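# Tertiary structure, described
In case you want the letters, here they are:
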Amino acid sequence: MSPRHNSIWKLSLYVVIGMASRLLFMANNLEGWDSIDFAFGLHDFDIHNHQPHFPGYPVYLFFSWLAYTFIQNDTISLTLPGAVFGSVAVVPIFYLAKRMFSERVALLASIIYLVNPLCWLQAEKPLSDATGFFFIILSSHLLFYACTSKRHVMLYLISGSVILGIGLGVRLSYFPFLTMWLFTVRKLSKSNDENVRVGYGIFAFFSGVSVWLLPLMYYTGLKPLTINGYEFVFGHFTDWGGTALTSPNLFTRISYFMWSFFCSGLGFWCNDTSFIRVLPSIVMVSGMIIFMRHVRFDFTAKFMVIYTVPYLLWVFFGQNLEKPRHIVPLIPFVIICISAGLERLRVTKYSFSKRDLISFCCRRLQFPQSFAAKPERSRLSVNFNKWRHKYDYFSPYYVSVCILFMSMSFICVSLVHDHKNKPIAQIQLLDYIKSNYDSHSTRIYCWETKRFFDYYAPVWDTRMVRNIDDLQYDREASLIIPETILSTSKVNGINLIVKESNIVAVFKNDRYSNNPYHTLVLYNLSAQE
């Protein structure tokens with residue numbers, strides 16, 4: 001079998017393994033405001049009523065709607081696109097790493113991607129991140145090929161531009177990757193090749209955007225879409241989006257970013273995780289250090305910088321850092337760098353020649369140095385080759401890769417298994433209230449948890465309040481006071497008016513599977529009446 005066909009078989013095996021593992025651990029419940037917005041949008045698409053919220057995620061919902069026509073289950077329909085596209089993403093990662101470095105680096109990067117905790121976990125959730133990431137990494141792969149190939153340049157440019165345009169219909173928050181596209185267009189515009197016409201690439205990008213934007217404008221209306229877009233963007237940056245404008249503490253943002261990127265994103269050890277993460281953390285840090293020591297600022301490095309820096313800045317200043325899923329598009333390039341660094345261990349592990357080793361053995365065994373140059377040394381040379389191949393798999397490279405794969409596999413399987421089988425804190429709270437209280441005589445004050453009641457228990461009296469002032473105002477303005485009044489700990493300032501005796505129950509889940517609602521406290525305010 002030729003090396004090319006061998007690589008294709010290996011890559012096909014990776015896709016099958018990734019697909020099987022993702023489909024096996026798909027989520028059983030919706031788990032947040034966004035996923036419930038998507039679920040409502042499957043049945044009644046209305047951006048004005050947050051079904052889903054702006055910009056509507058039309059491409060992602062289209063794939064989910066296709067799944068729903070066959071499955072008739074909201075959660076599975078919304079999770080299936082991420083599971084499929086999250087598995088297939090290993091293909092562009094492989095070819096991108098192969099073009100940037102080598103086939104060995106590409107194979108290693110593919111393996112590490114499959115057992116990356118954040119990428120695997122996001123592929124199991126009823127959210128658009130894994131699907132959107134596939135389009136971004138596929139576009140970057142095609143655009144990089146357009147810049148580095150001598151043949152089919154226009155094909156790579158046009159297809160990469162179309163894919164990027166469509167990808168923005170999956171997640172518009174991936175717009176910083178437009179800098180990667182502009183960088184490609186600018187580079188190719190300086191090409192001396194008469195066959196390269198960047199105008200086709202520009203047309204292809206806007207064609208990709210038109211695939212989802214024109215139907216969205218037709219269905220929603222240009223004016224309502226514009227108004228909703230303005231209100232959403234304004235609210236995101238100034239109110240509830242968790243951006244640097246509403247959460248300006250620099251130390252807090254840095255600490256959340258470090259946790260999201262390293263601990264949740266790459267699987268590094270943290271003080272609230274198992275010590276099994278220590279060894280893979282050391283391996284990944286070693287890979288990054290080796291890569292940085294040998295990196296050259298060539299076109300590959302420039303492309304990596306153009307890809308990562310704009311989006312990294314957007315995440316740090318313009319996104320909620322308590323949600324690690326925003327980090328997903330940055331992970332593969334870090335994985336590729338780690339793989340390239342670890343590959344250096346394999347390349348340099350036998351930097352000496354057979355003659356050097358035989359001369360060293362002669363000195364140690366006090367043989368004449370001339371022995372190393374005589375034909376009689378052939379027997380020792382043969383023995384050296386046997387020893388070398390016998391112990392090759394105990395080299396630092398293979399030991400590091402084995403440690404990384406085995407430990408990360410264990411971490412990932414534990415994480416996605418718990419995510420599938422252990423309900424998140426908000427679902428636990430909802431089930432507890434449904435089992436222990438009467439919907440006709442109970443009122444619940446909460447924040448984003450109200451969306452869960454809207455979907456799973458719409459008959460319950462739930463009030464969405466941000467802080468204790470809003471809660472008090474609503475209670476005083478109510479004509480009818482129910483027998484039982486409950487509140488969650490996510491109402492800001494609630495801890496100022498409650499005592500330990502008001503605590504009804506505490507609900508928790510692993511924050512690495514769902515954050516920031518990994519801990520919820522339920523209070524009974526009726527005792528204060």
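Here is a short report on the structure shown in this document. (Residues numbered from 1 in each chain as written. Predicted model: local features only at pLDDT ≥ 70, side-chain atom pairs only at ≥ 80, totals over all residues. Heavy atoms only, no water.)

## Brief notes about the pairing of strand E2 (residues 461–464)
As paired elements, strand E1 (residues 442–446) and E2 share 4 bridges and run parallel to each other. Paired with Arg 443 across the bridge in E2 is Asp 461. Remark: the E1/helix H21 (residues 450–456)/E2 crossover connection has right-handed handedness. (Pairing = 2+ DSSP bridges. Helix = DSSP H or I, 4+ residues; strand = E, 2+ residues; numbered from the N terminus. Right-handed = clockwise from strand over helix to strand, strands pointing away.)

## Topic: the environment of Leu 188
Positionally, Leu 188 belongs in helix H10 (residues 178–189). By relative accessible area, Leu 188 is classed as buried at 6%. Sequence separation between Leu 188 and Thr 148 is 40 residues; the distance between their C-alpha atoms is 10.0 Å. In contact with Leu 188, other than residues within four places in its own chain, are Ala 146, Cys 147, Val 153, Leu 157, Val 196 and Val 198. (Buried < 20%, exposed > 50% of the residue type's maximum accessible area, 1.4 Å probe, protein only. Contact = heavy atoms within 4.5 Å.)

## Things to note about the sheet that holds strand E4 (residues 503–508)
Taken in spatial order, the 5 strands of this open sheet run E2-E1-E3-E5-E4, and their pairing is mixed. One side of each edge strand has no neighbouring strand; the edge strands of this open sheet are E2 and E4. Going across the sheet, the axis of each strand differs from the next one's by a mean of 20°, ignoring polarity. Across 4 bridges, E1 lies against strand E3 (residues 484–488) in parallel orientation. Residue pairing for E3: Thr 442 is matched across the bridge by Thr 484. The sheet strands contacting helix H22 (residues 468–477) are E1, E2 and E3, and the helix crosses E1 at an angle near 155°. (Axes fitted to C-alpha atoms, helices over the stretch in contact; angles between N-to-C directions.)

## Some details on the pattern of salt bridges
A side chain with one charge can pair with a side chain of the opposite charge if their charged atoms come near. Inspection of the entire model under this criterion finds 16 salt bridges. Between Arg 346 and Glu 343 there is a salt bridge; the shortest N-O distance is 2.7 Å. You can see Arg 346 and its partner Glu 343 sitting in helix H16 (residues 331–348), 3 residues apart, about one turn around the helix. Overall, Arg 346 belongs to the partly exposed group, its relative accessible area being 21%. Take Glu 343: its relative accessible area is 6%, and that puts it in the buried class. Put simply, Asp 418 and Lys 422 hold a salt bridge, and the shortest N to O gap is 3.7 Å. (Salt bridge = Lys/Arg side-chain N within 4 Å of Asp/Glu carboxyl O.)

## Quick look at the packing of helix H8 (residues 129–148) against H10
Relative orientation of the contacting elements H8 and H10 amounts to 15°, with a least axis distance of 10 Å. What the angle tells us is that H8 and H10 run roughly parallel. Every pair of crossing elements has a handedness; the one defined by H8 and H10 is left-handed. Facing H8, whose interface residues are Ser 139, Ser 140, Leu 143, Ala 146 and Cys 147, H10 presents Met 180, Trp 181, Thr 184, Lys 187 and Leu 188. Each residue belonging to the contact of H8 with H10 can be placed in one class, and the counts come to 6 nonpolar, 3 polar and 1 charged. (Parallel < 35°, antiparallel > 145°, perpendicular 65-115°, else oblique. Left-handed = near helix turned anticlockwise from the far one by under 90°. Nonpolar A, V, L, I, M, F, W, Y, C, P; charged D, E, K, R; others polar.)

## Re helix H15 (residues 299–318)
Across its 20 residues, H15 extends 28 Å between first and last C-alpha, which sits within 8% of the 28 Å expected from 1.5 Å per residue. Taken together, the buried positions of H15 are occupied by Thr 300, Ala 301, Phe 303, Met 304, Tyr 307, Thr 308, Tyr 311, Trp 314, Val 315, Phe 316 and Gly 318. (Expected span 1.5 Å × (residues − 1).)

## Concerning helix H6 (residues 103–114)
Here H6 is 12 residues long and its end C-alpha atoms lie 17 Å apart, about the 16 Å a rise of 1.5 Å per residue gives. Where burial is concerned, most of H6 is hidden: 9 out of the 12 residues are buried. For H6, the set of buried residues is Val 105, Ala 106, Leu 107, Leu 108, Ala 109, Ser 110, Ile 112, Tyr 113 and Leu 114.

Everything listed is a geometric property; what it means functionally is a separate question.
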